[in-house]
Amino acid sequence: MEITAEQQQELIRQAKDAYIKAYAPYSHYPVGAATLWSSGKIFAGCNVENASYGLTVCAERNSIFQAVSQGERRLKAVAIAVPAEHFPSPCGACRQVLREFAEDCLVILVNGQGKTRLTRLKTLLPDSFGPEFL
Ligand SMILES: [Zn+2]
């Protein structure tokens, strides 16, 4: 399932908008994520940290959980944006949660200069475990 150039630009725009709302008083590392689903809808999320640290939730999972809560099940693409110079990279936990809703999908990484790097979930999480194993 590939996506259009317009969908890609909209994902990037929403991921960048999302990091502005990040709650990251501890890491000072705001992250925004936007996910595109088979319905065509996009859901955005930011990281939400917690004083206990361990209860922090990443932007990617916030976006995914919002979408799934609205009935979405088939993930088509994700954009992850940060204001930092280095490109973002989804953590291991988020890679596995992405994998729950897509065997593979486009992953768009956006840095603070607005540069984009395209990769695939299969590249980030090879030989993965998924729901079809159960
Ligand atoms: Zn994560």
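Everything that follows concerns the structure shown earlier in this document.
Residues numbered from 1 in each chain as written. Predicted model: local features only at pLDDT ≥ 70, side-chain atom pairs only at ≥ 80, totals over all residues. Heavy atoms only, no water.

**Student:** What should I look at first to understand the pairing of strand S1 (residues 32-37) in this one?
**Tutor:** Successive residues of a regular strand alternate their side chains across the two faces of the sheet. Within S1, six of the six residues are buried, which leaves it mostly tucked inside the rest of the structure. The alternating pattern of S1 places Gly-32, Ala-34 and Leu-36 on one face and Ala-33, Thr-35 and Trp-37 on the opposite face, and all of these are buried. The pairing of S1 with strand S2 (residues 42-46) spans five bridges and is antiparallel. Following the sheet pairing, Ala-34 is matched in S2 by Ala-44. Between S1 and the antiparallel strand that follows it, S2, lie four residues; Gly-40 among them carries a positive phi value of about 95 degrees. Sheet analysis places S1 next to strand S3 (residues 75-81), joined by six bridges and oriented antiparallel. Bridge pairing links Trp-37 to Leu-75 in S3. (Buried < 20%, exposed > 50% of the residue type's maximum accessible area, 1.4 Å probe, protein only. Helix = DSSP H or I, 4+ residues; strand = E, 2+ residues; numbered from the N terminus. Pairing = 2+ DSSP bridges.)

**Student:** Help me understand the sheet that holds S2, please; the structure alone is not making it clear to me.
**Tutor:** Within a sheet, adjacent strands bond to each other through the backbone by hydrogen bonds, running parallel or antiparallel. The five strands are arranged S2-S1-S3-S4-S5 in an open sheet whose pairing can be described as mixed. In the strand order of this sheet, the two ends are held by S2 and strand S5 (116-120), each with one partner. Neighbour to neighbour, the strand axes of the sheet diverge by 20 degrees on average, direction disregarded. (Axes fitted to C-alpha atoms, helices over the stretch in contact; angles between N-to-C directions.)

**Student:** Before we go on, may I ask you to explain the nonpolar core in this structure?
**Tutor:** Here is a general trend for soluble globular proteins: nonpolar side chains tend to be buried in one another's company. Membership of the largest hydrophobic core comes to 21 residues, with the highest contact counts inside it found for Trp-37, Leu-75, Cys-105 and Val-107. Mapped onto this core, the elements with two or more residues apiece are S1, helix H2 (59-69), S3, helix H3 (92-101), strand S4 (106-110) and helix H4 (121-124). The next biggest cluster of nonpolar side chains, apart from the first, holds 13 residues, and it includes Ile-12, Tyr-19, Leu-36 and Leu-106. (Core = buried A, V, L, I, M, F, W, Y, C linked by side-chain atoms within 4.5 Å.)

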